[in-house]
Amino acid sequence: MKKRILVTGGTGYIGSHTVVELQNSGYEVIIVDNLSNSRADVVDSIEQISGTRPAFEHVDCLDYAGMDAVFAKYPGIQGVIHFAASKAVGESVEKPLLYYRNNLVSLINLLELMPKHDVKGIIFSSSCTVYGQPDVLPVTEQAPIKAAESPYGNTKQINEEIIRDTIKSGSPISAIMLRYFNPIGAHPSALIGELPNGVPQNLIPYLTQTAMGIREKLSVFGDDYDTPDGSCIRDYIYVVDLAKAHVIAMNRILEGKQKQQAEVFNVGTGRGLSVLELIKTFESATGVKLNYQIAPRRAGDIVKVWADPAYANNELGWKAETSVEDTLRTAWQWQVHLREKGIM
Ligand code: NAD
Ligand code: WQD
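Bear in mind the structure is a predicted one, so any value in this text is a computation, not a measurement.

**A short note on the site of ligand 1**
1) Next: Neighbouring residues of ligand 1: 27 residues in total, closest Asp-33, Asn-37, Ser-38, Asn-102 and Tyr-152.
2) Next: Note that an oxygen atom of ligand 1 is positioned 2.7 Å from one of the side-chain N or O atoms of Ser-38.
3) Next: Side-chain polar atom of Lys-87 to an oxygen atom of ligand 1: 2.8 Å apart, as the coordinates give it.
4) Next: Broken down by secondary-structure element, the contributors of at least two residues to the shell around ligand 1 are helix 1 (13-24), strand 5 (121-127) and helix 6 (151-168).
5) Next: The biggest single contributor to the shell around ligand 1 is strand 5, with three residues.
6) Next: Broken down by class, the residue content of the shell around ligand 1 amounts to twelve nonpolar, eleven polar and four charged.

**Brief notes about the site of ligand 2**
1) Next: Surveying the vicinity of ligand 2 reveals 18 residues, the closest of which are Tyr-152, Leu-203, Ser-219, Arg-234 and Asp-301.
2) Next: Contact distances for ligand 2 include 3.5 Å between an oxygen atom and a backbone N or O atom of Gln-201.
3) Next: At 2.6 Å, a side-chain N or O of Asp-301 approaches an oxygen atom of ligand 2.
4) Next: In isolation ligand 2 offers 670 Å² of accessible surface; the protein chains occlude 87% of this area.
5) Next: For the shell around ligand 2, the element with the most residues is strand 8 (residues 218-221), which contributes four residues.
6) Next: The residue inventory of the shell around ligand 2, partitioned by class, reads nine nonpolar, six polar and three charged.

**Considering the pairing of strand 2 (residues 28-32)**
1) Next: Counting buried positions along strand 2 yields four of five residues, so the element is predominantly enclosed.
2) Next: As defined by bridge partners, strand 1 (residues 4-8) adjoins strand 2 across five bridges and the pair is classed as parallel. Along strand 2, the bridge assignment pairs Arg-4 with Glu-28.
3) Next: Handedness of the strand 1-helix 1-strand 2 crossover: right-handed.

Rules of the game
Residues numbered from 1 in each chain as written. Chains lettered and ligands numbered in written order. Predicted model: local features only at pLDDT ≥ 70, side-chain atom pairs only at ≥ 80, totals over all residues. Heavy atoms only, no water. Near = heavy atom within 4 Å. Polar contact = N/O pair within 3.5 Å; in protein donor to acceptor, adjacent residues only side chain to side chain. Helix = DSSP H or I, 4+ residues; strand = E, 2+ residues; numbered from the N terminus. Nonpolar A, V, L, I, M, F, W, Y, C, P; charged D, E, K, R; others polar. Areas by Shrake-Rupley, 256 points an atom, 1.4 Å probe, with all protein chains shown as cover. Buried < 20%, exposed > 50% of the residue type's maximum accessible area, 1.4 Å probe, protein only. Pairing = 2+ DSSP bridges. Right-handed = clockwise from strand over helix to strand, strands pointing away.

Encoded structure:
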């Protein structure tokens, strides 16, 4: 009998890649998604890749009764991976209440429903954004949590506190909070990838759309920072490597291998790359020239952040394996696929 896992936000970017890896590892997956930032045909693509069609429930995580009904419809769900959230930093500044409601209430609903349905544990999508601009790099899980730069970042900090407080209150559930750095790239099949609505806010989709001629040129937001080439530095992690970390974390919970009821791991490569370095790497890895310009700094940008992934490497036995060159090639192949399908 396959172990049943509920994946909220499972038709989204990271969620869809994680569903594939869960299925490849023998889990039975039920996806819940309200399709506010993804498409239902991602389920078809997941099936094409893994050979198994995950169950899909078009439900909003804010709908307590709807979520209760999903747990009742699929008895024996053992774990939850909670990707569902609103995640656009800029939008969160304009619409804070939308972000506080969506990102906090969706988690609260899950934490209330899990004990009711004997669900053992939850993996939560956190973010390196909780660290702000770290004082020491690379950043470890012990680094201080800094005042959030945006309502979005604040929801991640509050979510982590909600999980800890719930467990401290005696809840039987276990939790692993994964602090992602910058996920990029697409599945090697080019059947799933990042497909942001409207004008991309994140670097890689904007970069590949520029390379495809959809955008005229990429603006590099500042080259006058305190970094070797003046542009900001990030830890870009291949989304499939990130997805695999979720499978290992779920195994850890269900096999009772956790050392505390609530655990936190940095999920990054440990390698910092500047925006200008990334552009050069994209051009050399794909042979595609990129049209870009230096533009003014973007408000709220962290200058430099990259992970110390030693705890995840040693404790989870997980390591990011994919080179940034191979990762960028998958991002480009996904953009080519979108063009071939007439999607973009
Ligand atoms: P995404 O927008 O592609 O996926 C989120 C999915 O959740 C979408 O399919 C959306 O339709 C769904 N969703 C949103 N609100 C919902 C609700 N109330 N009920 C049901 N479904 C809902 O985003 P992503 O990049 O895959 O991010 C997944 C998670 O990882 C998010 O929690 C995000 O905050 C976190 N995260 C992302 C990044 C990143 O750079 N992409 C970095 C750190 C953390
Ligand atoms: C990366 C670098 C930009 C676009 C954000 C959220 C974070 C997480 C990941 C959800 C920065 C530069 C970007 C462009 C550019 N999301 N850039 N031109 O800001 O590190 O993180 O997404 O959890 O919470 O804050 O990612 O891809 O937006 O930017 O020069 O058109 O690329 O200045 O240095 P970021 P990003």
